[in-house]
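A closer look at the structure
So you can see what is in the structure, the chains are spelled out below.
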Amino acid sequence: MKKKRAKSTVRTVVDAAKLSLVEKFYLEKSGRKALYGPAEKIPVIEVGNFPALGRLTALRFLEWVLDNPEGVISLPTGKTPEYFISWVKHYLRKWEGKSVQEELAQIGLTAPTRPRMDGLHFVQIDEFYPIDSSRHNSFHYYVTRHYLRDFGLNPDLAMLIDPGVIGVRPGEDLDTIFPGGRVDLSLRSRNPKSELEERQRDMIVSVDQFCCEYEDRIRQLGGLGFFLGGIGPDGHIGFNARGSDLFSPTRLTYTNYETEAAAAGDLGGIEVSRGRPVITIGLGTITYNPNAVALIFAAGEAKAKVVSDAVQRDRHVLYPATSLHGMPNARFYLTTGATVRLEERNLEDIMKAEAISDNLVEKHVIDCALKLKVRLDELKEGDEQGNRALSHLIDRTGKPLPELADYTRERLLQKINRGLEDVDNQSILHTGPHHDDIMLGYMPYIMHLVRRSTNSNYFYILTSGFTSVTNHFLANLLHDVQEFMAAGQFDEDQANGDLEPNNKSARAVEVFRFLDGIAARNEKMRRLAQARRTLVNLISVFEDEDFDNLAHRISETLNYLDTLYPGKKDVPIVQRLKGMQREYEEELVWAYVGAGPDRVFHGRLGFYTGDIFTEQPTRNRDVEPVLARLHKIKPSIVTLAFDPEGSGPDTHYKVLQVLHEALQIYHEQTGSSPKVWGYRNVWYRFHPADANVFVPASFNTMAIMEHAFMHCMGSQKAASFPSHEFDGPFCQLAQKLWVEQFGMLETCLGERFFIENPSPRLRATRGFVFLKMMELDEFSGQARRLATLTEGDK
């Protein structure tokens, strides 16, 4: 009985929630209801794209500030707030101008004078521990720059988390107290074993005391008045990871693997972030003021699962954001992509659709078979019971479930057959945003494409990818160069002109000698080939062939890497060296399958800078080089990473838009219409209904992919910047996904379909690669739709 009363109370509070003027305006634009009960437990405001999400959030924040000029605010860090920050700055700068005033009038806000920002009390949400707050990858630095400075907040009213001053004595520093950044929280409950551990225990106690006082100060202010947060891959808000107490206070705590993997990019690798504690306000801190405006915002289909859990599940420690349920002013602000798993909204879309697409039917029928764990030809009338979306689709089509299942089965078979077809007489330009995207996306298919002598295969990587090479890896390369230079290993190469950067045949030698070293299991041969390429890269970057000068440059660079804190943005020279290493690795991969270095091209597009908020591509800087490459190769097929809105690194989307623009101009200039093959890899995957080609992957092709990755992608095999889904190298995650996709088809078609299939390729299949093959016109329409979803009306 108590459980029932608690749930009823939560629902009543949520149903009675009053939307603000900004929320009402955006809700009306969306054509949705705020709450689809009983499935949804918290109101949702839905917008079409990422910039619109930032705009909505900025307007709601400033609307609240107008009413609470001395209120308590807590704002997020990371990449998600990019548009929120830019829109707040825009409105504060142009508040009294005509266009902003007209926009406010449309919303119903009457505010001729811009909001007063200097009376607000700012509360930092979280911070890594230990970390120097002056480092650019600290959250202290982030909030100081983007909120205190750019929003005009009063620093004297800010509550910040600065680990470097908590318990630290004069003359001490955190690196000395916690070597390597390692903190053992078991010292709270065990006896120290050394003087260093005694000092570490005292520091942990000091941080615990700081957290207590931090929590108390927030409560003395009445709690948070306005909280804005993102939601992490495990559903965390702040650093309150999955499993956190829903009433937790501010504390020093460990997180989990998903959170550590997400933080690896900020901290310089999983080696740094793994096991590193954090200081975070608690879920109880956020909800202490029951009338607080508590907003969670999320963009893209990649967040749809954690959003669905947070919005539709009952309060539970496994879903931290459910702690907000029952707060009258708690909301989720979401892009359309982030709502795709909200059941009632899906049903509403089906009911309102003018026509029911084959893909939609296929998706829901496949999902039904997978949920029931039966073959498609085993689905029978009545299996749709309890599945409102599928039941409505059956009503709309007028066809019983078994008939829809037969149709779906035929479509799956057609897709498999397309994946078995030979591709001949094609000029194929394989493109990737980063240096491992192509192989992780569809290398089993490439193994067949490159074996057809009538095909011409080219590989074009559009960014330099330097952010995924660790300082430690580059330092090891430089040490090898020092060793081999000192032994005179490169003297003859220099005399013969083999170290000149533009000597293409010599560059090819470095590739094939490395591969010879793999075949011979000769580590020194590999190291020597790698070191020579690194030396050539140094000559190119420093524009100096003198070995003595280069030795000095190497020492300087090693000293720089040794004194650099992990995660700091590199100077341009180091960026170039890291990027050139990735380029060498890509040449190795494709030479491994028979494509020479002359078939591998390096784009180095200018929008890729390594900044947290990256630049937008431009035509002159980014599109024109790609257009020139299209004119030179004249491809009949172009492959590209085809991720949905807000999924995977934003580099993927920006590269896609560059390619779309270049292909459109190329078509206008030549009349040529290359086919487009879209692939996905470890960042997001196709639903079987959304792909139209299924390529079988055997043990052999998957083993080749892993062997090539682990031997050629030297900077990546340690998985320093892994996916939050898998603790290991990307090649193993890619194989895991292909095997899962095989499992889906095996469920739908039956195990015997593969065991007894007349095709030896299908009998040998243990994985499937999903692709979407499109004519240029179809790709153009999808790319424009994606641009609308991602960019909106900026």
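Scroll up a little and you will see the structure.
Now for a quick tour of the structure.

What counts as what
- Residues numbered from 1 in each chain as written.
- Predicted model: local features only at pLDDT ≥ 70, side-chain atom pairs only at ≥ 80, totals over all residues.
- Heavy atoms only, no water.
- Helix = DSSP H or I, 4+ residues; strand = E, 2+ residues; numbered from the N terminus.
- Rg over C-alpha atoms; globule rule 2.2 N^0.38 Å.
- Buried < 20%, exposed > 50% of the residue type's maximum accessible area, 1.4 Å probe, protein only.
- Expected span 1.5 Å × (residues − 1).
- Polar contact = N/O pair within 3.5 Å; in protein donor to acceptor, adjacent residues only side chain to side chain.
- 1 Å grid on protein atoms, 1.4 Å probe; cavity = no way out; pocket = protein on both sides within 12 Å on 5 of 7 lines; lining within 4 Å.
- Points joined across faces, edges and corners; volume = space filled by probe spheres on them.
- Nonpolar A, V, L, I, M, F, W, Y, C, P; charged D, E, K, R; others polar.
- Salt bridge = Lys/Arg side-chain N within 4 Å of Asp/Glu carboxyl O.
- Pairing = 2+ DSSP bridges.
- Contact = heavy atoms within 4.5 Å.
- Axes fitted to C-alpha atoms, helices over the stretch in contact; angles between N-to-C directions.
- Core = buried A, V, L, I, M, F, W, Y, C linked by side-chain atoms within 4.5 Å.
- Phe/Tyr/Trp six-rings, centres within 6.5 Å; stacked < 30°, edge-to-face > 60°.
- Parallel < 35°, antiparallel > 145°, perpendicular 65-115°, else oblique.

Comments concerning the overall build of the protein
Assigned secondary structure in the protein consists of 30 helices and 17 strands. In summary, the protein has a C-alpha radius of gyration of 28 Å against a globular reference of 28 Å for 794 residues, a match within 12%. For the protein, the spread of C-alpha atoms along the principal axes amounts to about 80 × 75 × 60 Å. Here the protein, with 794 residues, has 56% of them falling under the buried criterion.

Considering helix H21 (residues 523-542)
With 20 residues, H21 extends 28 Å between its outermost C-alpha atoms, agreeing within 8% with the 28 Å of an ideal straight helix rising 1.5 Å per residue. Of the residues that open H21, the one with a side-chain oxygen 3.1 Å from the backbone nitrogen of Lys524 is Asn522.

Considerations on empty space enclosed by the protein
Unfilled space is identified by rolling a water-sized probe across the atoms. The full count for this structure, using the stated rule, is 4 cavities of 30 Å³ or more. The computed volume of the largest cavity comes to approximately 80 Å³. Around the largest cavity, the lining comprises 14 residues; the ones closest to its centre are Arg680, Asn681, Arg685, Trp738 and Gln741. Looking at the lining of the largest cavity, the elements with two or more residues in it are helix H17 (437-449), helix H27 (730-749) and strand S17 (765-774). For the lining of the largest cavity, the element with the most residues is H27, which contributes 4 residues. Among the residues forming the lining of the largest cavity, the class breakdown is 9 nonpolar, 3 polar and 2 charged. The computed volume of the second largest cavity comes to approximately 50 Å³. What lines the second largest cavity is Phe128, Phe239, Thr255, Thr259, Glu260, Ala263, Leu267, Ser273, Arg276 and Val278. With 4 residues, helix H9 (residues 257-267) is the single largest residue contributor to the lining of the second largest cavity. Looking at the lining of the second largest cavity residue by residue, the class counts come to 5 nonpolar, 3 polar and 2 charged.

A closer look at the pattern of salt bridges
Considering all chains together, one arrives at 56 salt bridges under this definition. Among the salt bridges present, the one from Arg331 reaches Glu23, with a minimum N-O distance of 3.3 Å. One end of the pair, Arg331, is in strand S10 (residues 330-335); the other, Glu23, is in helix H2 (residues 21-30), and 308 residues separate them in sequence. With relative accessibility at 1%, the residue Arg331 sits in the buried group. For Lys89, the salt bridge goes to Asp150, with nearest N and O atoms at 3.5 Å. With Lys89 in helix H4 (residues 82-94) and Asp150 in the loop between helix H6 (139-149) and strand S5 (158-159), the pair connects residues that are 61 residues apart, well separated along the chain. Under the relative-accessibility criterion, Asp150 is labelled partly exposed at 21%. If you follow the salt bridges from partner to partner, you end up with Arg32, Glu40, Glu46, Arg345, Glu348, Asp349 and Lys352 in one network.

Some words on the sheet that holds S5
Ordered by their spatial adjacency, 7 strands build an open sheet running S1-S10-S9-S6-S2-S3-S5, and the pairing between neighbours is parallel. Unpaired on one side and paired on the other, strand S1 (44-47) and S5 mark the two borders of the sheet. The pairing of S1 with S10 spans 4 bridges and is parallel. Across the sheet, the residue bridging to Val47 is Thr335, located in S10. Relative to S10, helix H3 (residues 50-67) is tilted by about 155 degrees, and along the sheet it contacts S1, strand S2 (72-74), strand S6 (226-229), strand S9 (293-298) and S10.

A look at the nonpolar core
The biggest cluster of nonpolar side chains holds 57 residues, and the ones touching the most others in it are Val365, Phe768 and Phe779. The dominant element in this core, judged by the number of residues it contributes, is helix H25 (residues 650-670), at 8 residues. If we ignore the near neighbours within four places in the chain, the residues touching Val365 are Leu376, Leu379, Leu390, Leu401, Leu404, Ala405 and Thr408.

Considerations on the layout of surface pockets
One number sums up the size of the second largest pocket: a volume of about 680 Å³. In terms of lining, the second largest pocket is formed by 22 residues, of which the most central are Pro501, Lys504, Arg507, Glu587 and His602. Elements with a contribution of two residues or more to the lining of the second largest pocket: helix H20 (504-520), H21, helix H23 (572-592), strand S13 (600-602) and helix H24 (619-633).

Side note on the sheet that holds strand S14 (residues 637-641)
As summarised here, the arrangement of the 7 strands in space is S13-S12-S11-S14-S15-S17-S16, forming an open sheet in which the pairing is mixed. At either margin of the open sheet sits one strand with a lone partner, and together these are S13 and strand S16 (693-698). Each neighbouring strand pair of the sheet contributes to a mean axis angle of 25 degrees, computed without reference to strand direction. The pairing of S14 with strand S15 (residues 675-679) spans 5 bridges and is parallel. The partner of Ala641 across the bridge, within S15, is Tyr679. Contacts from helix H16 (residues 401-420) reach S16 and S17 within the one sheet, and its direction differs from that of S16 by about 60 degrees. Contacts between H24 and the sheet are confined to strand S11 (427-432), strand S12 (456-461), S13 and S14, with S12 contributing the most and set at about 170 degrees to the helix.

Thoughts on the pairing of S9
Among the 6 residues that make up S9, 6 are buried, leaving the element largely enclosed by the rest of the structure. The alternating pattern of S9 places Val293, Leu295 and Phe297 on one face and Ala294, Ile296 and Ala298 on the opposite face, and all of these are buried. Two elements, S6 and S9, share 4 bridges in a ladder whose sense is parallel. Within S9, the position partnered with Phe226 by the bridge is Val293. As paired strands, S9 and S10 are joined by 5 bridges and run parallel to one another.

What about unusual backbone geometry?
Omega for the bond connecting Gly37 with Pro38 falls within 30 degrees of zero, at 0 degrees, which places this linkage in the cis form. If you trace the backbone, Pro38 turns up in the loop between H2 and S1. At the junction of Tyr129 and Pro130, the peptide bond is cis and its omega measures out at -5 degrees in the coordinates. With respect to the secondary-structure elements, Pro130 resides in the loop between strand S4 (126-128) and H6. Phi at Arg604 is positive, roughly 50 degrees, even though this residue is not glycine. Locating Arg604 in the fold gives a position in the loop between S13 and H24. One non-glycine residue, Lys634, adopts positive backbone phi at about 55 degrees. Tracing the chain through its elements places Lys634 in the loop between H24 and S14. Among the residues examined, Lys634 registers a relative accessible area of 56% and is labelled exposed.

Considerations on the packing of aromatic side chains
Following the criterion strictly, the structure yields 31 aromatic pairs and no others. Summarising the aromatic geometry, the rings of Phe466 and Tyr608 are spaced 5.1 Å apart at their centres and angled 75 degrees between planes, so their arrangement reads as edge-to-face. With Phe466 in the loop between S12 and helix H18 (471-486) and Tyr608 in the loop between S13 and H24, the pair connects residues that are 142 residues apart, well separated along the chain. Classification of Tyr608 as buried rests on a relative accessible area of 12%.

Description of the pairing of S17
On a regular strand, each side chain points to the face opposite its neighbour's, so the side chains alternate between the two faces of the sheet. Of all 10 residues that make up S17, 8 are buried, and the element is covered over most of its length. In terms of strand pairing, S15 meets S17 through 4 bridges, oriented antiparallel. The partner of Tyr679 across the bridge, within S17, is Leu771. Where S16 and S17 come together, 6 bridges link them in antiparallel fashion. Bridge assignment links Ala697 to a residue of S17, and that residue is Gly767.

Re the packing of H18 against H21
At their nearest, the axes of H18 and H21 sit 9 Å apart, and the two run at 100 degrees to each other. The angle between H18 and H21 places the two elements in the roughly perpendicular class. For the pair H18 and H21, contact is made by Leu477, Leu478, Asp480, Val481, Glu483, Phe484 and Met485 and by Lys524, Arg527, Leu528, Gln530, Ala531, Thr534, Leu535 and Leu538, respectively. Of the residues that constitute the contact of H18 with H21, the class distribution is 9 nonpolar, 2 polar and 4 charged.

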